[in-house]
Amino acid sequence: MTLRATLGRIGAQEDLNFLLTNRLPRRLATQAMGRISRIEQPWVRDASLFLWRLFCDVDLTDAKETRFPSLHAAFVRELRPGARPLESDPAVLVSPSDAILGAHGTVAAGQVLQVKGSAYRLADLVQDEALALAHEGCAYATLRLTAGMYHRFHAPADLRVDSVRHLWGDTWNVNPIALKRVEALFCRNERAVIRVRLSDGAAMTLVPVAAILVAGLKLGFLPEGGDLRSTEGRTLPCLAALPKGAEMGWFEHGSTIVVLAPPGYTLDPGLHEGARLRMGEALLRAPALSS
């Protein structure tokens, strides 16, 4: 058995996994990892990259660069041109990121699922009762980015960003083991609420949620995007227009995006929980036009 397989078996033990990834001082560990990941000293960089590739399923063959000055640079890598073809059908909203599809369904009685059998209030996630009510009856999808995945996220359609609000929070791990054990986990972690409007006027919301170790998210279309935490929870109006597939921002480690669809949109019929998606592949489809 390989070392990676052995480590995988150990990590699959739920009690141990939860203990190692959540019961340590999360904020302190995150700050420490953030500093270490940016060290460009060759020995530290090479050891960090080796351990990352040992513990995580990492594929760098589609990266724009072939060498990285630090572990952080590898985390937030860009892709080479053409690495993520876009579904061109204007009736399709594409996945904004590489991800594993988690809980999905329809917002009902103001609630969405975190995992099967465990729901949370949408208003607690977005910190806005009116916005939660506006998505009542709409489809939602939870996209989980693992630590080894491409960490940037993109516009799911031609859109205009109406506003952004950063919400300070904790740094819980967002892996399936933690999602089963920590109630309303997404509502506890640091996140941003990005309200956008599609070219036909339909409104949707993206909620990128940060997680442990290199917690944080950046939004390239905002002047404040490099330091969202300094906005202190203010709602930032925005008029950024982005074409389908344009980069919106990036996570500084694996995490999650909760996608709240416009009214009438449904999950692509070929998808199911646990499905692996690449940015640009079909995620949601517009309602069929009546004849």
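Scroll up to find the structure.
Residues numbered from 1 in each chain as written. Predicted model: local features only at pLDDT ≥ 70, side-chain atom pairs only at ≥ 80, totals over all residues. Heavy atoms only, no water.

## Thoughts on the overall build of the protein
The secondary structure content of the protein amounts to eight helices and 17 strands. Here the protein holds 291 residues, and the buried ones make up 53% of them. Nonlocal contacts in the protein, meaning residues at least 24 apart in sequence, comprise 76% of its contacts between residues at least 6 apart. Here the protein has roughly 13800 Å² of accessible surface; of this, 56% comes from carbon and sulfur atoms. (Helix = DSSP H or I, 4+ residues; strand = E, 2+ residues; numbered from the N terminus. Buried < 20%, exposed > 50% of the residue type's maximum accessible area, 1.4 Å probe, protein only. Contact = heavy atoms within 4.5 Å. Areas by Shrake-Rupley, 256 points an atom, 1.4 Å probe, with all protein chains shown as cover.)

## Thoughts on the packing of aromatic side chains
This structure, assessed with the given rule, holds three aromatic pairs. Their ring planes at 80° and their centres at 6.1 Å tell us that Tyr120 and Phe186 sit as a pair that is edge-to-face. In this pair, Tyr120 sits in strand β4 (residues 118–121) while Phe186 sits in the loop between α8 (176–181) and β8 (191–198), placing the two residues 66 residues apart along the sequence. The exposure class of Tyr120 is buried, given its relative accessible area of 2%. When the ring centre of Trp250 is taken as origin, the NZ or CZ atom of Arg152, which lies over that ring, is 4.7 Å away. (Phe/Tyr/Trp six-rings, centres within 6.5 Å; stacked < 30°, edge-to-face > 60°. Lys NZ or Arg CZ within 6 Å of the ring centre and 35° of its normal.)

## Some thoughts on the sheet that holds strand β15 (residues 266–267)
Across a sheet, strands are paired by hydrogen bonds formed along the backbone, either parallel or antiparallel in direction. In space, the three strands of this open sheet follow the order β1-β17-β15, with antiparallel pairing throughout. The open sheet has two edge strands, β1 (92–94) and β15, and neither has a second partner. By the bridge criterion, two bridges tie β15 to strand β17 (residues 282–285) in an arrangement that is antiparallel. Among the inter-strand pairings, Thr266 is bridged to a residue of β17, identified as Arg285. (Pairing = 2+ DSSP bridges.)

## A few points about the environment of Pro90
On the secondary structure map, Pro90 appears in the loop between α5 (71–75) and β1. When the C-alpha positions of Pro90 and Ala157 are compared, they lie 7.6 Å apart, and in sequence the two are 67 residues distant.

## Re the nonpolar core
Val161, Ile194, Phe221, Met248, Leu283 and Leu284 are the most contacted members of the largest nonpolar core, which totals 45 residues. In terms of residue count, the dominant contributor to this core is β8 (four residues). Excluding residues within four positions of it along the chain, Leu284 makes contact with Ala91, Val92, Leu93, Ala139, Val259, Ala261, Tyr265, Thr266, Leu267 and Asp268. Core analysis: the second largest hydrophobic core is formed by 27 residues, Ala123, Trp172, Val182 and Leu185 among them. (Core = buried A, V, L, I, M, F, W, Y, C linked by side-chain atoms within 4.5 Å.)

## Examining the environment of Ala211
As for its position among the elements, Ala211 is in the loop between β9 (203–209) and β10 (217–219). With a relative accessible area of 4%, Ala211 lands in the buried category. The spatial distance from the C-alpha of Ala211 to the C-alpha of Thr256 is 8.1 Å, given a sequence separation of 45 residues.

## A closer look at helix α4 (residues 42–55)
The end-to-end C-alpha distance of α4, which contains 14 residues, comes to 20 Å, matching closely the 20 Å that a straight helix rising 1.5 Å per residue would cover. Among all positions of α4, only Arg45, Ser48, Leu49, Trp52 and Leu54 are buried. Where α4 begins, the capping side chain belongs to Gln41, and its oxygen is found 2.8 Å from the backbone nitrogen of Trp43. (Expected span 1.5 Å × (residues − 1). Polar contact = N/O pair within 3.5 Å; in protein donor to acceptor, adjacent residues only side chain to side chain.)

## Regarding the sheet that holds β10
An order of β6-β13-β10 is seen for the three strands of this open sheet, with the pairing classed as antiparallel. Each of the sheet's edge strands pairs with one partner strand only, and the pair in question is β6 (152–154) and β10. Each adjacent strand pair in this sheet contributes to an overall mean axis angle of 20°, direction not counted. Pairing between β6 and strand β13 (residues 247–251): three bridges, direction antiparallel. Each bridged residue has a counterpart across the sheet, and for Phe153 the counterpart in β13 is Gly249. (Axes fitted to C-alpha atoms, helices over the stretch in contact; angles between N-to-C directions.)

## Comments concerning the pairing of strand β14 (residues 256–260)
The side chains of a regular strand alternate between the sheet's two faces. Counting buried positions along β14 yields five of five residues, so the element is predominantly enclosed. Going residue by residue along β14, you find Thr256, Val258 and Leu260 tucked away on one face and Ile257 and Val259 tucked away on the opposite face as well. Relative to β14, strand β5 (residues 139–144) is paired through five bridges, and the arrangement is antiparallel. Along β14, the bridge assignment pairs Ala141 with Val259. Sheet topology note: the β9/β14 ladder contains five bridges and is antiparallel. Within β14, the residue paired with Val207 across the bridge is Val258.

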